[in-house]
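# Close look at the chain arrangement
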Amino acid sequence: METQTAKILDGKALSAKIQQSLSAQIQELQPKFGRPPGLAVLMVGDNPASAAYVRGKERACEKVGIASFGKHFPTQTSLAELEDTIAALNNDPQVDGILVQLPLPEHLDSVKLLNQIAPEKDVDGLHPVNMGRLVRSEEGLRSCTPAGVMRLLEEYQIPVQGKQAVVLGRSILVGKPLALMLLEANATVTVAHSRSHEIKSITQSADILIAAVGRNGLVTGEMLKPGAIVVDVGINRVVDASGKDRLIGDVHFESASKVAEYITPVPGGIGPMTVAMLLQNTVKSYLTRF
Ligand SMILES: Nc1nc(=O)c2c([nH]1)NC[C@@H]1CN(c3ccc(C(=O)N[C@@H](CCC(=O)O)C(=O)O)cc3)C=[N+]21
C-alpha cells in the first residue's frame, strides 16, 4: 500500500522569519524611541525545564534586540515580595512586557500574581482583562501559544472558516484561549478533554485537530480524518533508552503523518512559535508606549 507522508508545518522556520522581521523593526525604532523594548521574566524556584525555557526566551530577546530583565527568585520567596517586584516593573519605563514563568512553587497563588501584572504589559495574555478582550474579540495582548498556532495556520494558508476544529485540552494557557481564537476565525469549534466520551469519534470529525493535553503519543493516526491538519502543542519530556532527554508531543508522529495532510513536529513546531509570539507581544506593547 502506498503510504502518504504529511507536509510539515515548520514552526521553527516561521519563528526565525518573525524574529528577523522584529529585529529589523527594532533597529529602525530604537534610535527614535531612545531605548530598546524591554521584557522582564520572573522565575521562582529551580524547575530545570522552566530554567531551560527561560534561557531560551532570554537568548531570543538578545538575538532580536529586546533588553531582557531576568529575575530569578528562590523557591521560598513570599507572595508579597513577588507582588512588590511586579508593582515595580509595572511602573518601570524600561519594561514593556512582564512574564511570570509557570508553574510556580505550590505555596504561591499564580492567579493572584498574574492579576498584579498591568494588563498593557501582560505579554503572556493571561490577565483576566486580556482574556476578557479575547472573549469579546477586542484588541488586546493574546496568549502566546494559541496565537502561535493561529499564526502558523495562517502562514500555510490553511483555511479555518467553516471547518471543524477540535481542540483537545481546556487549559487556561492553551485550550480555552485557542478555542476562542478558532471561533474568532469562524471555525466550528469542539473542545474535548479528559472527561469527554467517545474521543475517537470526535477527533475523527476534525478537519483541524489541535492536541494540547500533555500526554505523549495520545493521538494516533487511526483517530484522524484522512487529510486532517494536525497541530501538536504537547511538550512531554521523556528519557529514551540511551538515557537521553527527549521531547515528545501529544501526537504519535509516525502514524499520524501517514493520515494527515499537514502536521507540526515536536520539537520545531509550536514551541518556537510561542517564543516568537512572546517577542511580538513585547514589541507590540513597546509600540503603544510612544
Ligand atoms: N508564563 C508562561 N508562559 C509560557 O509561555 C510558558 C510558561 N509560562 N511555562 C511553560 C510553557 C512551555 N513553553 C515553551 C516555550 C518554548 C518552547 C520551545 O521553544 N520548544 C522547542 C524546544 C526546546 C527544547 O529543546 O527544550 C521546540 O519545541 O522546538 C517550549 C515550551 C512556554 N510556556
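Residues numbered from 1 in each chain as written. Predicted model: local features only at pLDDT ≥ 70, side-chain atom pairs only at ≥ 80, totals over all residues.

An unreviewed UniProt entry annotates the protein chain as Bifunctional protein FolD of Dulcicalothrix desertica PCC 7102. Regarding the protein chain, the UniProt comment filed under Function (unreviewed entry) reads as follows: "Catalyzes the oxidation of 5,10-methylenetetrahydrofolate to 5,10-methenyltetrahydrofolate and then the hydrolysis of 5,10-methenyltetrahydrofolate to 10-formyltetrahydrofolate." According to the UniProt record, the Subunit (unreviewed entry) comment for the protein chain is "Homodimer." (UniProt positions renumbered as here; feature names shortened; annotations may be inferred.)

### Description of the site of the ligand
The environment of the ligand is made up of 19 residues, and the closest members are Leu102, Pro267, Gly268, Gly271 and Thr274. Within the residue set of the shell around the ligand, elements represented by two or more residues are α2 (48-64), β4 (97-100), α6 (144-155) and α10 (270-288). Partitioning the shell around the ligand into residue classes produces twelve nonpolar, six polar and one charged. For the shell around the ligand, the domains that each give at least three residues are domain 1 (34-119) and domain 2 (143-270). (Near = placed C-beta within 6 Å. Helix = DSSP H or I, 4+ residues; strand = E, 2+ residues; numbered from the N terminus. Nonpolar A, V, L, I, M, F, W, Y, C, P; charged D, E, K, R; others polar. Domains from an automatic or database assignment.)

### Topic: the domain arrangement of the protein chain
As assigned here, the protein chain comprises domain 1 (34-119) and domain 2 (143-270). Placing the centre of domain 1 and that of domain 2 at their C-alpha centroids yields a distance of 28 Å.

### A look at the sheet that holds strand β8 (residues 229-232)
Ordered in space as β1-β11-β8-β7-β5-β6, the six strands form an open sheet in which the pairing is parallel. The open sheet is flanked by β1 (7-8) and β6 (188-192), the only strands paired with a single partner. Where β1 meets strand β11 (residues 262-263), two bridges bridge the pair, whose relative direction is parallel. The residue bridging Ile8 from the neighbouring strand is Ile263, located in β11. (Pairing = 2+ DSSP bridges.)

### Some words on α2
The first and last C-alpha atoms of α2 sit 25 Å apart over 17 residues, in line with the 24 Å expected at 1.5 Å per residue. Of the residues making up α2, those classed as buried are Lys57, Ala60, Cys61 and Val64. The arc that holds every buried residue of α2, seen down its axis, measures 105°, which confines them to one face. Away from its buried face, by an angle of more than 90 degrees, α2 presents the exposed residues Pro48, Ala52, Arg59 and Glu62. Buried residues belonging to α2 abut α1 (11-33), β2 (38-44), β3 (67-73) and α10. Just downstream of α2, Gly65 is the residue with a positive phi angle, here 95°. (Expected span 1.5 Å × (residues − 1). Buried ≥ 20, exposed ≤ 12 C-beta atoms within 10 Å, placed from the backbone. Arc of directions from axis to C-beta. Contact = placed C-beta atoms within 7 Å.)

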